Amino acid sequence: MLVKWNGAINLVARGTVEDMWSRHFVDSAQILQFCPPSCDHWADLGTGGGFPGLVIAILVRESRPDTRFTFVESDQRKAAFLRQASRETGANVTVLAERIELCPALAANVVSARALAPLTTLCGYAARHCQAGGTAIFQKGASYSEELEDALKNWRFDHSLHPSQTDPAAVILSITNLCRL
């Protein structure tokens, strides 16, 4: 389905389609291990082609059937793809086709994003959409340490860094206790 729709709406970079299993699916799946066991609402911001949100929603469909997923994707065509993919996979997903900063606060246990924005911007999104005591999980590339340093100028949070299984220069950043300075 991803390959079929990608030609028309560019869900992922065309150069990554050949290696989509590792580059997109495995890369997305690896963050599930950082989800708290009590999660009943996961919000994925800027979901695009379904990464990481749709992959996680499909993976937990049977083991955690009550976990709700909310995807925020402003591109109407990508939102249509996400709705169709959710129907076809039976994933428990609501798709909001609007801007992250304009949609109502989501009060999710977990907020995730992949390849969306610098960390300081992601912290603002997480502060709005993550409930108190929640966790933000962000996949960051090679410049993660500079982004972390920059974010800590305006935000206070506890964090842990985990090496990416798919990119030796990347990390998975897990954030809790987020608040603006």
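Just so we're clear, the structure is a prediction, and the values are computed from it rather than from any experiment.

A. Region of interest: helix α4 (residues 76–89). Between its first and last C-alpha atoms α4 spans 20 Å; for 14 residues at 1.5 Å apiece the expected length is 20 Å, and the two agree. Those residues of α4 that sit buried are K78, A79, F81, L82, A85 and S86. Looking straight down α4, one finds that the buried residues subtend no more than 155° of arc, so they occupy a single side. Opposite its buried face, α4 presents the exposed residues Q76, R87 and E88, each directed more than 90 degrees away. For α4, the side-chain oxygen to backbone nitrogen distance between the N-cap and R77 is 2.9 Å, and the N-cap itself is D75. Positioned one or two residues after α4, G90 has a phi angle of 75°, which is positive.

B. Structural detail: the packing of helix α5 (residues 119–129) against helix α6 (residues 144–151). Remark: α5 packs on α6, axes separated minimally by 8 Å, with the N-to-C direction vectors making an angle of 55°. For the element pair α5 / α6, the angle class is oblique. Contacts between α5 and α6 involve L119, T120 and C123 from the first element and E147, L148, D150 and A151 from the second.

What counts as what
Residues numbered from 1 in each chain as written. Predicted model: local features only at pLDDT ≥ 70, side-chain atom pairs only at ≥ 80, totals over all residues. Heavy atoms only, no water. Helix = DSSP H or I, 4+ residues; strand = E, 2+ residues; numbered from the N terminus. Expected span 1.5 Å × (residues − 1). Buried < 20%, exposed > 50% of the residue type's maximum accessible area, 1.4 Å probe, protein only. Arc of directions from axis to C-beta. Polar contact = N/O pair within 3.5 Å; in protein donor to acceptor, adjacent residues only side chain to side chain. Axes fitted to C-alpha atoms, helices over the stretch in contact; angles between N-to-C directions. Parallel < 35°, antiparallel > 145°, perpendicular 65-115°, else oblique. Contact = heavy atoms within 4.5 Å.

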